[in-house]
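Here is what each chain is made of, one letter per residue.
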Amino acid sequence: MKTQHYTMILKTYLKKSSLLLTCAVLTSAMAFAQKRPVVFAKNKQENLSKYVDPFIGTGFHGHVFVGANVPFGAVQLGPSNISQGWDWCSGYHISDSTIVGFQHTHLSGTGIGDLGDLSFMPTTGAIKLTKGTLKDMQSGYVSLFSHQDETVRPGYYAVKLKRYDIGVRLTTSERVGFHEYTFPKSNQAHIIIDLQEGLNWDRPTKTSIKLLNPTTITGYRLSTGWAKDQRIYFAAVFSKPIKNFAVYDSVVVKTGAALTGEKVKGVISFTTAEGEKVLVKVGVSPVSSENALANIQAEIPGWSFNQVVAQADQKWNKELQKVVIKTADETQKRVFYTALYHTMIAPSIFNDHNGDYWGTDKKVHKNAGFTNYTTFSLWDTYRALNPLYTIIQPEKVNDIINTMLAIYQQQGKLPVWHLMGNETNTMVGYSAVPVVADAYLKGFKGFDAALAYKAIKSSAMDTDRGIHYVQKYGFIPADSTVESVAMGLEYSIDDWGIAAVAKRMGKTADADYFAKRAKNYRYYFDPATHFMRGRLSESQWRTPFSPFVSRHRADDYTEGNAWQYTWLVPQDVKGLINLQGGDQPFIEKLDSLFIAKGSLGKEGSPDISGLIGQYAHGNEPSHHITYLYAYAGQPWKTAEKVRFIMNNFYTDKHDGIIGNEDVGQMSAWYVLSSLGFYQVNPASGVFVFGSPLFSEATVKLAAGKTLHIVAKNNSPENMYIQNASLNGKKYTQSFITYQDLTQGGELVLEMGGKPSQTWGTLAADRPQM
């Protein structure tokens, strides 16, 4: 993983961009602009999807998905490269020019690879049953492609397979992938359905395929990987009658038109005329092939590919219209709307059109009364993505909470990192807790509050993952488990949310108990070094100690070091200020974070990226840190740091995301920060002001309300808030509450070129929690 000091950022980007240019990779952006199909919105609103560039984040370590999908859709239909490894967690990297198939499920922005289910590959010539290798591509069906022949935008993907001269276009509905293959003249045209193929650590355990009738194939793929027991069912309906269908067990041909085994493949063969189009609609389901077929009938009953493309574009435009920014800078529009787009790839729908879904208890749940979701990267998203949803996706918040509560009932605890009906237990903390608490404290009513409280309390009273040490000692001994400091600090954050909910519900004893646990972070603070560090006992610290060194998955921190984790107290910043000795020592220490130089060591985490001194924007535990200055009365330093990060770590280039995009979290930070605020405490409903990037922004809220944000005299130089008003009333605080934001109206921020020594500096005007 690259790390870099902020003084080297521009040099680094120019160097990387130059390398990409020599590899002819940047031409994909030109192709995107030149080949983009024209889609007209139904009304006079600007079609904002034109600003989305899904190639942003496909370079460096962004790991974003490239392909066709609709907002929060169950299907992410796109190409997968032959390469495997960390930078191919999504199946695609801009440095690659190979395609092994068009697969119906992909992750976006994760640091672990999985999915890549149901691979379809059109070919011509002799039948090949394996994908081949980088060294010997002719041994398999893999094809090269050129980024010049590639077009991608929300809901649409197109490419030319060089090896076969086949044009491919893809689009989707929520649960259906729609393929259009344009073949050359050939008496050996094929479509290979390879159920063996998956991404990275995924491998099949049982697969099945069956020719149901002359135009329909059904089957399923069971697999293990990050999700230990994943299952996906499908139905594929073809526009061209299937005359020749062969089934294979790995590479061995079998008789008949149906086969079940570990590595089943089906090959459809036919003769095509020059330019003949073959269309395929592939429905997916977590429950059954029958439901998958019903999903096709419900969502894409016809055969108009262009109509489905237009519908997908309309769905994206509707979501993007929830935030309309005003800026003359076209680059800013591309960065912003691509970030907003990335916040809506996951969580993804995990049920059928009729409401059925596959539960964590390995049972089918019929006709659920909510939309069930999956792909919960909660250690990442509780910080910004989920708070963002409470503003611009309020209609989905209740469904997300109901999904989490259903998971709690089925597996006995709230989700940790949930994927396709499986608990992966990835990352520290019980990070569903602040998400549930935040929704309840903000007044969302569409879920069972009593069940929600039972679920969050149960998470904290479990006995695994170091929680029993918290209950016994208040801290997790460093010699008992790895990542003890990170684990303990996350639990303290989560416990604050439980205490706040208990207090709101009148559960005084619980409120007092969890409020005390929320202050357990103090056990990890060493007054001698003023860092958070591993504690062995009440009187002994782990040694040796360096605040710089990181040992990935082998020390007291999760993907970080002591410099970064010392600030992970968003639930009690005032308490952290007191530990550091007051406002001035706190500010001096915080200033030092952004200039400190030191080696991460040979075992440093690859996730530590986007460095400014020791601040690491490429990893989530740092995301709130720039906003801490406001708590000590110096909000102008927040403005400076936030502006630098937005302008340098988010660009419209392929490497325009400074680390793993992390399922929307990196983008959500940018969306909120560019609007001018960020929720530091994940369950408090308090948004701290930073520095708005745009002169105006209009945010659509619930119940038809809107929030119009005006930044007067805004410019790259005028980054400092001088005064603020909300609906004509002077607003002296350096923060704004969720209740004030969501009442709508007009928020006016007067900007200037010098820090204000009065706005937001008084103790009464600072954030209190």
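Here, every reference points to the structure presented above.
Structure report, in brief. (Residues numbered from 1 in each chain as written. Predicted model: local features only at pLDDT ≥ 70, side-chain atom pairs only at ≥ 80, totals over all residues. Heavy atoms only, no water.)

## What about the packing of helix α10 (residues 449–460) against helix α12 (residues 484–505)?
Here's step 1: With their axes 10 Å apart at the nearest point, α10 and α12 run at an angle of 145 degrees to one another. Crossing geometry of α10 relative to α12 is assigned as left-handed. Taking contact as the criterion, the partners of Ala449, Tyr453, Ile456 and Ala460 in α10 are, on α12, Asp495, Ile498, Val501, Ala502 and Met505.
Here's step 2: Per-class residue counts for the contact of α10 with α12 are 8 nonpolar, no polar and 1 charged. (Axes fitted to C-alpha atoms, helices over the stretch in contact; angles between N-to-C directions. Helix = DSSP H or I, 4+ residues; strand = E, 2+ residues; numbered from the N terminus. Left-handed = near helix turned anticlockwise from the far one by under 90°. Contact = heavy atoms within 4.5 Å. Nonpolar A, V, L, I, M, F, W, Y, C, P; charged D, E, K, R; others polar.)

## As for the sheet that holds strand β26 (residues 422–423)
Here's step 1: Spatially, the 3 strands line up as an open sheet ordered β24-β25-β26, and their pairing is antiparallel. Since the sheet does not close on itself, it has two edges, and those belong to β24 (376–377) and β26, each with one partner.
Here's step 2: Two elements, strand β25 (residues 417–419) and β26, share 2 bridges in a ladder whose sense is antiparallel. Across the sheet, residue Leu419 finds its bridge partner in β26, namely Asn422. (Pairing = 2+ DSSP bridges.)

## So, the sheet that holds strand β11 (residues 203–213)
Here's step 1: Sheet architecture is open: 9 strands sit in the order β6-β7-β8-β9-β18-β13-β12-β11-β16, paired in antiparallel fashion. A single partner strand is all that each edge strand has here, and the edge strands are β6 (151–153) and β16 (258–261). This sheet shows a mean twist of 15 degrees between the axes of neighbouring strands, independent of strand direction.
Here's step 2: In this structure, strand β13 (residues 230–238) lies alongside strand β18 (residues 276–285), joined through 6 bridges in antiparallel fashion. Residue pairing for β18: Ala236 is matched across the bridge by Val282.
Here's step 3: Packing against the sheet, helix α4 (residues 305–320) makes contact with β6, β7 (156–161), β8 (166–172), β9 (176–183) and β18, and its axis sits at approximately 45 degrees to β8.

## Concerning the packing of aromatic side chains
Here's step 1: Tallied over the entire structure, the rule returns 31 aromatic pairs.
Here's step 2: Taking 5.6 Å as the distance between ring centres and 55 degrees as the angle between the ring planes, the aromatic pair formed by Tyr220 and Tyr233 counts as tilted. Of this pair, Tyr220 sits in strand β12 (residues 216–224) while Tyr233 sits in strand β13, and the two are 13 residues apart along the sequence. Each of the two residues, Tyr220 as well as Tyr233, counts as buried.
Here's step 3: Pairing Trp567 with Phe586 gives two aromatic rings, centres 5.5 Å apart and planes at 80 degrees, and the pair type is edge-to-face. On the criterion of sequence distance, the pair formed by Trp567 in the loop between α14 (562–565) and α15 (573–579) and Phe586 in helix α16 (residues 583–593) is long-range, its members being 19 residues apart. (Phe/Tyr/Trp six-rings, centres within 6.5 Å; stacked < 30°, edge-to-face > 60°. Buried < 20%, exposed > 50% of the residue type's maximum accessible area, 1.4 Å probe, protein only.)

## Some points on the side chain of Lys637
Here's step 1: Topologically, Lys637 is positioned in helix α17 (residues 635–648).
Here's step 2: Owing to a relative accessible area of 17%, Lys637 belongs among the buried residues under this scheme.
Here's step 3: A distance of 2.9 Å separates polar atoms of two side chains, one belonging to Lys637 and the other to Asp591.
Here's step 4: Excluding its chain neighbours within four sequence positions, the residues that come into contact with Lys637 are Ile587, Asp591 and Tyr629. (Polar contact = N/O pair within 3.5 Å; in protein donor to acceptor, adjacent residues only side chain to side chain.)

## Describing α12
It helps to recall that an α-helix has 3.6 residues per turn; residues three or four apart then point in one direction.
Here's step 1: With 22 residues, α12 should reach 32 Å at 1.5 Å per residue; the first-to-last C-alpha distance of 31 Å fits that figure.
Here's step 2: One or two residues past the end of α12 sits Gly506, with phi positive at roughly 80 degrees. (Expected span 1.5 Å × (residues − 1).)

## Section: the nonpolar core
Here's step 1: Ile391, Met404, Phe586 and Tyr670 are the most contacted members of the largest nonpolar core, which has 161 residues in total.
Here's step 2: Among the elements that line this core, the one with the most residues is α12, at 12 residues.
Here's step 3: Look past the residues within four positions of Tyr670 in its chain and what remains in contact with it is Gln332, Val335, Phe336, Ala339, Met646, Tyr650, Leu693 and Phe694.
Here's step 4: Counting residues in each nonpolar core, the second largest holds 53 residues, with Leu77, Val159, Tyr181 and Phe238 among its members. (Core = buried A, V, L, I, M, F, W, Y, C linked by side-chain atoms within 4.5 Å.)

## A look at the pairing of strand β4 (residues 119–124)
Here's step 1: Counting buried residues along β4, 6 of its 6 residues qualify, which places the element largely inside the surrounding structure.
Here's step 2: Residues Ser119, Met121 and Thr123 of β4 are buried on one face, and the alternating residues Phe120, Pro122 and Thr124, pointing to the opposite face, are buried as well.
Here's step 3: Looking at chain direction, β4 and strand β10 (residues 186–194) are connected through 6 bridges and run antiparallel. Residue pairing for β10: Thr123 is matched across the bridge by His190.

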